[in-house]
There are 2 protein chains.
Amino acid sequence: MDIQKAQPLLDYINKHVSLTKEEESTLLSHITFRKYLKGQYILQQGDICRYECYVISGCTKTFYLDDDGQEHIIMFSIEDWWAADMGSFIDQTPADFNIQCLENTELVMFSYDTIEDLYIKVPKLERFFRRIIEKAFIASQKRIVRNFSLTAKEQYLHFRQQYPEIEQRIPQYMIASYLGITKEFLSKIKSQLALE
Amino acid sequence: MDIQKAQPLLDYINKHVSLTKEEESTLLSHITFRKYLKGQYILQQGDICRYECYVISGCTKTFYLDDDGQEHIIMFSIEDWWAADMGSFIDQTPADFNIQCLENTELVMFSYDTIEDLYIKVPKLERFFRRIIEKAFIASQKRIVRNFSLTAKEQYLHFRQQYPEIEQRIPQYMIASYLGITKEFLSKIKSQLALE
DNA sequence: TGAAAAAGTTAAACTAGATTAACTTTTTTT
DNA sequence: AAAAAAAGTTAATCTAGTTTAACTTTTTCA
């Protein structure tokens, strides 16, 4: 793979572990670069998730449709973040989630078929992925804690201060979905906040 | 460490990776065994979490106290499961959570100070922990999904069928706390279910 | 540039679950 | 075995957030 396109990924990895030139080139031979257009799906519910995707540019939403056909957004992924249905990827079972691009999006993709081989050839990357997933787990637990102990308004304020960039790029009704509330109620919260 | 006491851990690890005798003995030299009595704390909110604990026998609850002093249970850990405040352990920062024994409990403890050394000496264990944490992350995401899309009654039914052993061992008000509902409402749910 | 589609707002009626408080049952301690 | 503490129940009242529906604003695209 073209090293230039992967530079943001290499920079990101080198924040956590330091790769030699050889290790970098082994890495590059194991990944692929791909562009998607706004609206396109990277993964659809029911398919097998074959890739862990690192976002170079753009933005995706990971969501599922419940029995009533209602959309629930699990996460947004912007630059320097990951997109995948981990449950599906790890066990190669049908995905619970859809991943769709909210903007034109450039990705680096790690394939299930080659990632174990990559871990063996470059053990530092196994360390890197262990640390990434630890962070993801911690973030997920913190979200559960917020769900338990914050009101909708408090959760919105937290979201806004934690991801100010995301709020600009994404329609409000999707933020409501991410927070687990209706768009009408988020609208009410915002008008309340405007008066304070 | 005494190999007999660690046997359940070795069996558990060998389900995921296969260790040689040398690797097993390196592992044993890096872990400690400890017993706690019912009611004792393994970790207190504000302290640094220095150990990832594997439960040999017994049961713990991981919880935090919110600003109103209300207890919220994040997880229960029984035989063959883990107990730790990962956020605190990874960054060695003050813990958000308390971990308390609900029964007399035997643990194998992995210390922050030696675990990185262990990963280097036995890379298979880095793989093992990567897989464990992947599973924990997936479970955490699934819990978020359930929070979004299930009613309290549905969540209770799910808990009951997923952890039938836990329900027997733990007071009902703690299960309510784990589900994020009041003990009164869980009581109502159970009386409704009894009529069906 | 103008029409249609998408996104956001407002407000009334409704509901799942919380709160409060009095009470019963079970478990623990002496 | 009695007393006290812990756990669980029931029911009335309350509230955060949902639902429904009509409306306005913004964005998209022919």
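Check the entry above for the structure.
The structure displayed is predicted, hence computed values, not measured ones.

Visitor: Explain the relation of the copies chain A and chain B here, please?
Guide: Note on the chain copies: they are related by a rotation about an axis and a translation along it. With an RMSD of 0.0 Å, chain A superimposes on chain B once it is rotated by 180° and translated 0.0 Å along the axis. Taken together, the turn and the small shift mark the pair as related by a two-fold rotation axis. Of all interface residues in chain A, 100% are interface residues in chain B too; the two copies therefore contact each other through one and the same surface.

Visitor: Even after reading the chapter, I still don't get the environment of B:Met174, so can you show me in this structure?
Guide: All names here are of chain B. Following the sequence through the fold, Met174 ends up in helix H8 (residues 172-179). Under the relative-accessibility criterion, Met174 is labelled buried at 6%. Distance from Met174 to Ile73, taken between C-alpha atoms, is 7.1 Å for residues 101 residues apart in sequence. Met174 has contacts with Lys61, Ile73, Phe76 and Leu102, leaving out every residue within four places of it along the chain.

Visitor: How do you make sense of the pattern of salt bridges when you look at a structure like this?
Guide: Pairing is possible between side chains that carry opposite charge, provided their charged atoms lie close to one another. If you walk through the whole model with that rule in mind, you get 28 salt bridges over all chains. The salt bridge partner of B:Glu126 is A:Arg130, with a shortest N-O separation of 2.7 Å. Of this pair, B:Glu126 sits in helix H5 (residues 123-149) while A:Arg130 sits in helix H5 (residues 123-149), which puts the two residues in different chains. Since its relative accessible area comes to 6%, B:Glu126 is described here as buried. Classification of A:Arg130 as buried rests on a relative accessible area of 2%. Here B:Glu24 and B:Lys21 are joined by a salt bridge, their closest N and O atoms 3.6 Å apart. One end of the pair, B:Glu24, and the other, B:Lys21, are both in helix H2 (residues 21-29), three residues apart, so they sit about a helical turn from each other. By relative accessible area, which is 9% here, B:Glu24 ends up buried. Each of the salt bridges in this network shares a partner with another, and the network as a whole consists of A:Glu116, A:Glu126, B:Arg127, B:Arg130, B:Arg131 and B:Glu134.

Visitor: Looking at this structure, I do not really get helix H4 (residues 112-121) of chain A. What am I missing?
Guide: Since the α-helix advances by 3.6 residues per turn, residues separated by three or four positions end up pointing in the same direction. Along H4(A), the residues that are buried comprise A:Ile115, A:Leu118 and A:Tyr119. Axial view of H4(A): buried residues confined to an arc of 100°, hence all on one face. In H4(A), those exposed residues whose orientation departs by more than 90 degrees from the buried face are A:Asp113 and A:Ile120. The inward-facing, buried residues of H4(A) abut helix H2 (21-29), strand E3 (51-57), helix H3 (86-91), strand E8 (105-111) and H5 of chain A together with H5 of chain B.

Visitor: Quick question: what am I supposed to make of the protein's contact with DNA strand D here?
Guide: Taken together, 13 residues form the shell around DNA strand D, and within it A:Ala152, A:Thr182, B:Gln172, B:Tyr173 and B:Ser187 come nearest. Backbone sugar and phosphate groups make up 74% of those atoms of DNA strand D lying within 4 Å of the protein. Note that a phosphate oxygen of DNA strand D is positioned 2.9 Å from one of the backbone N or O atoms of B:Tyr173. Within the side chain of B:Ser187, a nitrogen or oxygen atom sits 2.8 Å from a phosphate oxygen of DNA strand D. Looking at the surface near DNA strand D, the elements with two or more residues in it are helix H9 (183-195) of chain A together with H8 and helix H9 (183-195) of chain B. Broken down by element, the surface near DNA strand D gets its largest block of residues, three residues, from H9(B).

Visitor: Would you mind going over the interface of chain A and chain B with me for this structure?
Guide: Buried accessible area, meaning the area lost when the parts come together, often serves as the stated size of an interface. Opposite the 36 residues of chain A that make contact, chain B presents 36 residues. Buried surface at the junction of chain A and chain B, both sides included, amounts to about 3,400 Å², of which 64% is carbon and sulfur. The tally of links from chain A across to chain B stands at 11 residue pairs in polar contact (both at pLDDT 80 or more). Counting residues per element, the side of chain A that touches chain B draws most heavily on H5(A), which supplies 19 residues. Looking at the side of chain A that touches chain B residue by residue, the class counts come to 18 nonpolar, seven polar and 11 charged.

Visitor: What should I look at first to understand the protein's contact with DNA strand C in this one?
Guide: Contacts to DNA strand C come from 13 residues, most closely from A:Gln172, A:Tyr173, A:Glu184, A:Ser187 and B:Ala152. Among all atoms of DNA strand C positioned within 4 Å of the protein, those belonging to sugar or phosphate total 76%. Separating a phosphate oxygen of DNA strand C from a backbone N or O atom of A:Tyr173 is a distance of 3.0 Å. Note that a phosphate oxygen of DNA strand C is positioned 3.1 Å from one of the backbone N or O atoms of B:Ala152. Top element by residues in the surface near DNA strand C is H9(A). It accounts for three residues. Tallied by class, the residues present in the surface near DNA strand C amount to five nonpolar, six polar and two charged.

Visitor: So what exactly am I meant to see when it comes to the sheet that holds E8(A) here?
Guide: What holds strands together in a sheet is hydrogen bonding between their backbones, with the strands either parallel or antiparallel. Residue and element names in this part refer to chain A. Pairing in this open sheet of four strands is antiparallel, and the strands run E1-E8-E3-E6 from one edge to the other. In the strand order of this sheet, the two ends are held by strand E1 (31-36) and strand E6 (82-83), each with one partner. Bridge count for E1 against E8 is six bridges, and the pairing is antiparallel. Across the sheet, residue Thr32 finds its bridge partner in E8, namely Met109.

Cut-offs applied
- Residues numbered from 1 in each chain as written.
- Chains lettered and ligands numbered in written order.
- Predicted model: local features only at pLDDT ≥ 70, side-chain atom pairs only at ≥ 80, totals over all residues.
- Heavy atoms only, no water.
- Least-squares fit on C-alpha atoms with pLDDT ≥ 70 in both.
- Contact = heavy atoms within 4.5 Å.
- Helix = DSSP H or I, 4+ residues; strand = E, 2+ residues; numbered from the N terminus.
- Buried < 20%, exposed > 50% of the residue type's maximum accessible area, 1.4 Å probe, protein only.
- Salt bridge = Lys/Arg side-chain N within 4 Å of Asp/Glu carboxyl O.
- Arc of directions from axis to C-beta.
- Near = heavy atom within 4 Å.
- Polar contact = N/O pair within 3.5 Å; in protein donor to acceptor, adjacent residues only side chain to side chain.
- Buried area = accessible area lost by both parts, 1.4 Å probe.
- Nonpolar A, V, L, I, M, F, W, Y, C, P; charged D, E, K, R; others polar.
- Pairing = 2+ DSSP bridges.

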